[in-house]
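Structural overview
One-letter residues, chain by chain:
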Amino acid sequence: MIKNISVIGSGTMGNGIAHTFAQFGFQVNLVDINSNALDQAIKTITKNLDRQVSKGTLTVSEKEATLKNITTYTTFEEGVSNADLVLEAATENIDLKLNIFKDLDTFAPESAILASNTSSISITQIAAATRRGDKVIGMHFMNPVPVMKLVEVIRGYATTDETTQLIMCLSEKLNKTPVEVNDYPGFVANRILMPMINEAIYTLYEGVAGVREIDTVMKLGMAHPMGPLQLADFIGLDVCLAILKVLHDGFGNPKYAPCPLLVNMVAAGRKGVKTGEGFYQYLAGSKDLIVSDKFKKS
């Protein structure tokens, strides 16, 4: 039975995953080498819990219980020593993830399942860095984690039926809808989503239409809640670029080649919401959707 969860990485996805498990009564160790990042993560979780309380979806006592279920650590040795499940939510970088999983294999109990929240990187490759490939699996949550229902459950080459079933059942205990998929670049979500975002960027790059026009067509014509360019900003343009590179390298198909405009924007440090500007500008305290000066029509 899975009771104790260790979450590796306290960024947007990590703190959202920790929040969700803790809210459903699991004991969570949130692990990050940066103590300041951990402090910020707890502040973010508290703010998000307060929002749930204000909306009436959570009581004050449930909020307090959720926070009590989370303990922070700055070392793997302490943070994963009692884990039934370790869930890695670090940056989408293969070398970083391989190093993390080597360490987790050393410090986590032999019985522990090791999962990755990767959105595109091979679970089979990650599992090869451990001595427990049968217990390595993908558990790809959507952002924001406390709100979004989907969990992609990705089987690596050696992942057993038992491990897969445990994670499918665990996802349901979080009031999520798990979908089992096999281990190919981009899995399902990003194999379909990222080429659409890339094509939207090409449409802008080639002057077919402007930022707001492209997003309006997709929102009103295809009933998408958010246009692809705004969604790219929300995900992070650097993350989009990294996933497209995984798809391009994994399939060797030029249709996955990242648009040069996306490459240039990331190189210039314009990565979307996280940097305050991407296709849109994000001003502190403003909810208005303002097209970046770079893309405003003269």
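About the cut-offs
- Residues numbered from 1 in each chain as written.
- Predicted model: local features only at pLDDT ≥ 70, side-chain atom pairs only at ≥ 80, totals over all residues.
- Heavy atoms only, no water.
- Domains from an automatic or database assignment.
- Contact = heavy atoms within 4.5 Å.
- Buried area = accessible area lost by both parts, 1.4 Å probe.
- Salt bridge = Lys/Arg side-chain N within 4 Å of Asp/Glu carboxyl O.
- Polar contact = N/O pair within 3.5 Å; in protein donor to acceptor, adjacent residues only side chain to side chain.
- Nonpolar A, V, L, I, M, F, W, Y, C, P; charged D, E, K, R; others polar.
- Pairing = 2+ DSSP bridges.
- Helix = DSSP H or I, 4+ residues; strand = E, 2+ residues; numbered from the N terminus.
- Axes fitted to C-alpha atoms, helices over the stretch in contact; angles between N-to-C directions.
- Buried < 20%, exposed > 50% of the residue type's maximum accessible area, 1.4 Å probe, protein only.
- Expected span 1.5 Å × (residues − 1).
- Arc of directions from axis to C-beta.
- UniProt positions renumbered as here; feature names shortened; annotations may be inferred.
- Phe/Tyr/Trp six-rings, centres within 6.5 Å; stacked < 30°, edge-to-face > 60°.

Domain assignment breaks the chain into domain 1 (4-182) and domain 2 (191-295). Each side of the interface is counted separately: domain 1 has six residues, and domain 2 has four residues. Regarding the contact of domain 1 and domain 2, the summed buried area is about 390 Å², with carbon and sulfur atoms giving 71% of it. The largest share of the area that domain 1 buries against domain 2 comes from Glu92, Ser120 and Asn143, three residues that together contribute 72% of it. Our count for the domain 1 to domain 2 interface comes out at zero salt bridges. Remark: the boundary between domain 1 and domain 2 carries zero residue pairs in polar contact (both at pLDDT 80 or more). In terms of residue class, the side of domain 1 that touches domain 2 is made up of two nonpolar, three polar and one charged.

A word on the sheet that holds strand β1 (residues 4-8). Strand order across the open sheet formed by eight strands is β3-β2-β1-β4-β5-β6-β7-β8, with mixed pairing between neighbours. The open sheet terminates on both sides in strands that have one partner only, identified here as β3 (70-73) and β8 (177-182). Strand after strand, the sheet turns through a mean of 25 degrees between neighbouring axes, direction not considered. Pairing geometry for β1 and strand β4 (residues 85-88), over four bridges, is parallel. What sits directly across from valine 7, in β4, is leucine 87. Lying on the sheet, helix α1 (residues 12-23) is in contact with β1, β2 (27-31), β3, β4 and β6 (136-141); it crosses β2 at an angle near 165 degrees. Across the sheet, helix α2 (residues 35-55) is in contact with β2 and β3; its angle to β3 comes to roughly 160 degrees.

In this section: the pattern of salt bridges. Applying the stated criterion to the full structure yields 11 salt bridges. With a shortest N-O distance of 3.4 Å, lysine 135 and aspartate 134 are connected by a salt bridge. Of the residues examined, lysine 135 reaches a relative accessible area of 24% and is grouped as partly exposed.

Here helix α5 (residues 94-107) spans 20 Å end to end across 14 residues, near enough to the 20 Å set by a 1.5 Å rise per residue. Those residues of α5 that sit buried are Lys97, Leu98, Ile100, Phe101, Leu104 and Asp105. Here the buried residues of α5 occupy an arc of 165 degrees about the axis, which is enough to place them on one side. Residues of α5 that are exposed and point more than 90 degrees away from the buried face comprise Asp95 and Thr106. Its side-chain oxygen at 3.1 Å from the backbone nitrogen of aspartate 95, asparagine 93 defines the N-terminal cap of α5.

Our focus in this paragraph is helix α10 (residues 228-235). The buried count for α10 comes to six of eight residues, which makes it a mostly enclosed element. After α10 finishes, the residue glycine 236 shows a positive phi value of roughly 110 degrees.

UniProt records the feature "binding site: NAD(+)" (unreviewed entry) at Gly9, Ser10, Gly11, Thr12, Met13, Gly14, Asp32, Glu92, Lys97, Ser119, Asn143 and Lys274, using the numbering of this structure. Looking at the element boundaries, glycine 11 is found in the loop between β1 and α1. Within the secondary structure, glycine 14 is located in helix α1. Assessed through its relative accessible area of 0%, glycine 14 is described here as buried.

The subject of this paragraph is the packing of aromatic side chains. Here a ring pair, both rings aromatic, is described through the centre-centre distance and the interplanar angle of the planes. Evaluation of the coordinates by the stated rule reveals five aromatic pairs. With 5.5 Å between their ring centres and 85 degrees between their planes, phenylalanine 21 and phenylalanine 26 make a pair best called edge-to-face. On the accessibility criterion, phenylalanine 21 (0% relative accessible area) is buried. A relative accessible area of 9% places phenylalanine 26 in the buried class. Members of the aromatic cluster, joined through ring pairs, are Phe21, Phe26 and Phe141.

The next point concerns the UniProt feature "site: Important for catalytic activity" (unreviewed entry) in the chain. This chain's UniProt record puts "site: Important for catalytic activity" (unreviewed entry) on His140. Take histidine 140: it is sitting in strand β6. The buried category is assigned to histidine 140, whose relative accessible area is 6%. Residues contacting histidine 140, with those up to four places away along its chain left out, are Ser116, Asn117, Thr118, Ser119, Leu150, Val151, Glu152, Ile154 and Asn190. Of note is the side chain of histidine 140, whose polar atom sits 2.8 Å from the side chain of glutamate 152.

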